[in-house]
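Observations on chain architecture
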Amino acid sequence: AVALVFTGSRTTFLAMAAGAGVLAILQVQQLHLTRKHILIGIVVAVTLLPLLILQSEHPTHAPASTREDLWRVAAITFSQHPLMGIGPERYRVAFRELAQLIHNTNHTHAHNTYLQIAAETGVLGLIALGTLIVSAASRIWQAFGSGYKYGASMAAALMVGFLAHGMLD
């Protein structure tokens, strides 16, 4: 919610909603909503909804077509350097060489964590990222099995939020 307020990022809103949805699904039996929870929910909704509407009408971030170009550059870069990528912090070089956008902005990242890692670190980086994700998911699953349901639910919600955010930003 704070990131959305400060950045106006629609991606942050979607990631937050995805994480909150996972938390609600996993904690549906333990949800004991009080008036305080409902009041907090209303305050958050009243605060965030106008920001989301404003961002939809007058986006401060690039349109979807620009993201498609950024993703295309990352995909082409990955296809040209599949094993080890082009190296960390080198996306901006690939962007200058490959992008043929109307605007003059030089983007330093692909607005997609997975494509960024693929472009800069190749298959080896994707394997490392996949290992981290699987390891985290495994630990969350173990926590559920060990009876730490609330903590595991929170961890799962955060993980889903981060993974969702990584798709678009």
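Keep in mind the model is a prediction, meaning the values are calculated, not measured.

A word on the packing of helix H2 (residues 10-26) against helix H7 (residues 149-168). Close contact between H2 and H7 brings their axes to 8 Å; oriented N to C, the two are set at 150°. Taken together, H2 and H7 sit at an angle that is classed as roughly antiparallel. The element H2 and its partner H7 pack so that their crossing is right-handed. Contacts between H2 and H7 pair Thr11, Thr12, Leu14, Ala15, Ala18, Gly19, Val22, Leu23 and Leu26 from the former with Ser153, Met154, Ala156, Ala157, Val160, Gly161, Ala164, His165 and Leu168 from the latter.

Let us now look at unusual backbone geometry. One non-glycine residue, Glu89, lies in positive phi territory at about 65°. The topology assignment puts Glu89 in the loop between helix H4 (64-80) and helix H5 (91-98). You can call Glu89 exposed: its relative accessible area is 58%. The phi torsion at His111 lies on the positive side, around 55°, for a residue other than glycine. Mapping His111 onto the fold places it in the loop between H5 and helix H6 (113-145).

Attention now moves to the layout of surface pockets. By volume, the second largest pocket amounts to about 350 Å³. Lining the second largest pocket are 14 residues, and of these Ala15, Met16, Ala157, Leu158 and Gly161 sit closest to its centre. Breaking the lining of the second largest pocket down by element, the ones donating at least two residues are H2 and H7. Per-element tally for the lining of the second largest pocket: the top contributor is H7, with 7 residues.

Counting residues in each nonpolar core, the largest one holds 10 residues, listed as Leu70, Val73, Ala74, Ile86, Tyr91, Ala94, Phe95, Ala99, Ala110 and Ala119. Listed by contribution, the elements that provide at least two residues to this core are H4 and H5. Setting aside anything within four residues of it in sequence, one finds Ala74 in contact with Tyr91, Ala110, Leu115 and Ala119.

All right, on to the packing of H6 against H7 then. Relative orientation and spacing of two packed helices are given, respectively, by the angle between their axes and the distance between those axes. Contact pair H6 / H7: the axes reach a minimum separation of 10 Å and the direction vectors enclose 165°. When the axis of H6 is compared with that of H7, the two are roughly antiparallel. Crossing of H6 over H7 shows left-handed handedness. Contact residues: H6 offers Thr113, Tyr114, Ile133, Ala136, Ala137, Ile140, Ala143 and Phe144, while H7 offers Lys149, Ala152, Ser153, Ala155, Ala156, Met159, Phe162, Leu163, Gly166 and Met167. Here the residues of the contact of H6 with H7 sort into 14 nonpolar, 3 polar and 1 charged.

What counts and what doesn't
- Residues numbered from 1 in each chain as written.
- Predicted model: local features only at pLDDT ≥ 70, side-chain atom pairs only at ≥ 80, totals over all residues.
- Heavy atoms only, no water.
- Axes fitted to C-alpha atoms, helices over the stretch in contact; angles between N-to-C directions.
- Helix = DSSP H or I, 4+ residues; strand = E, 2+ residues; numbered from the N terminus.
- Parallel < 35°, antiparallel > 145°, perpendicular 65-115°, else oblique.
- Left-handed = near helix turned anticlockwise from the far one by under 90°.
- Contact = heavy atoms within 4.5 Å.
- Buried < 20%, exposed > 50% of the residue type's maximum accessible area, 1.4 Å probe, protein only.
- 1 Å grid on protein atoms, 1.4 Å probe; cavity = no way out; pocket = protein on both sides within 12 Å on 5 of 7 lines; lining within 4 Å.
- Points joined across faces, edges and corners; volume = space filled by probe spheres on them.
- Core = buried A, V, L, I, M, F, W, Y, C linked by side-chain atoms within 4.5 Å.
- Nonpolar A, V, L, I, M, F, W, Y, C, P; charged D, E, K, R; others polar.

Remember that the coordinates give geometry; whether it matters functionally is a separate question.
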